[in-house]
Structure formats: structure tokens, C-alpha cells
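Commentary on secondary and tertiary structure
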Amino acid sequence: MAAVAGLVGMLLPAGGCTSTSPSNAAPTALTEGPKDTGSYPNLNIAPQVAAKQFTKEETAANLAQLKAEQQAQLAKGGSVKAPTNTAALKTLAKTHGGDTLKQIEGKCDPTLDPNCN
């Protein structure tokens, strides 16, 4: 029984509460990366925000501006047009990967790359 009490007595200090003071609560991950401080973070301290948050009015104004620009773009005929030469695009799709791989591996083709040795 004394051995169990001694073991419990040794483990209790290791499992005690730890806290941090507000002076070391700054977000070090943004500047120096993570550090092992040997203590748990204090979740009661609110983190610093990266940027000022938009108000509801600012959000509504920004969305209205974007929608107006979208409507202006659509009025200009800003729709997506189908490609005119689909056969050439299909041929390019079939050969482009192999040609690029040859250039990357150093087996370049002088017709594709004028700087090929």
C-alpha cells in the first residue's frame, strides 16, 4: 500500500494545472513557428484578429458592386463562346502531355523547341 501511495505522490505533481500568463499569449506561429513552451495554451484569452472584419453594410455594398460589374460584363457580351476548331484542340490534348514530358526529360524535339540541343 505504501508503494501505491508513493507512486501516486510522484504522479500528482506531473499532472498538475499549468497556465500561461497574458504576456506570452502572442501568436508566435505567425512569426517564428510553433514552440514547445511546456504548458498548455490559455483558451480564455481571445486571439488577435488578422484583419478588421467587414460590417454588414460594407458586405452589402461590396456584393452590390460585384453584381453591378457582373451585369455590365454580361451586357458587353461576356459569355463563354464555344471553341471554333475542336479537332485541333483534341489533337493538342492528345499530344501535349507527351511532348511536354519529352522536353522535361531532356529528349526535346527541335521542331517544338528551337533551343533544343
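Quantities reported herein were computed from a predicted structural model and do not represent experimental measurements.

Cut-off values and rules
- Residues numbered from 1 in each chain as written.
- Predicted model: local features only at pLDDT ≥ 70, side-chain atom pairs only at ≥ 80, totals over all residues.
- Heavy atoms only, no water.
- Helix = DSSP H or I, 4+ residues; strand = E, 2+ residues; numbered from the N terminus.
- Areas by Shrake-Rupley, 256 points an atom, 1.4 Å probe, with all protein chains shown as cover.
- Salt bridge = Lys/Arg side-chain N within 4 Å of Asp/Glu carboxyl O.
- Buried < 20%, exposed > 50% of the residue type's maximum accessible area, 1.4 Å probe, protein only.
- Expected span 1.5 Å × (residues − 1).
- Bend = angle between axes of the 7 residues up to and from the residue.
- pLDDT = per-residue confidence, 0-100.

**With respect to the overall build of the protein**
A count of helical and extended segments in the protein gives 3 helices and 0 strands. Sequence-ordered secondary structure for the protein, helices as α and strands as β, is α-α-α. Just so you have it, the protein exposes about 10800 Å², and 62% of that area is on carbon and sulfur atoms.

**Focus on the pattern of salt bridges**
Scanning the model with the defined rule gives 1 salt bridge in all. A salt bridge links K52 to E58, with the nearest nitrogen and oxygen atoms 3.5 Å apart. The exposure class assigned to K52 is exposed, which follows from its relative accessible area of 65%.

**A closer look at helix 2 (residues 56-75)**
With 20 residues, helix 2 extends 29 Å between its outermost C-alpha atoms, agreeing within 8% with the 28 Å of an ideal straight helix rising 1.5 Å per residue. Following helix 2 by one or two positions, G77 has its phi on the positive side, about 90°.

**Here's the deal with helix 3 (residues 86-105)**
The end-to-end C-alpha distance of helix 3 is 29 Å, a good match for the 28 Å that 20 residues give at a rise of 1.5 Å each. Considering bend angle alone, the principal kink of helix 3 is centred on T95 and spans about 40°.

**Things to note about the environment of D99**
Relative to the helices and strands, D99 resides in helix 3. Between the C-alpha atom of D99 and that of L112, which follows or precedes it by 13 residues, the distance is 8.1 Å.

**Considering the confidence of the model for the protein**
In this model, the protein carries an average pLDDT of 75, and 66% of its residues clear a pLDDT of 70 or more. Taken element by element, the predicted model of the protein shows its lowest mean pLDDT in helix 1 (residues 2-14) (53) and its highest in helix 2 (94).

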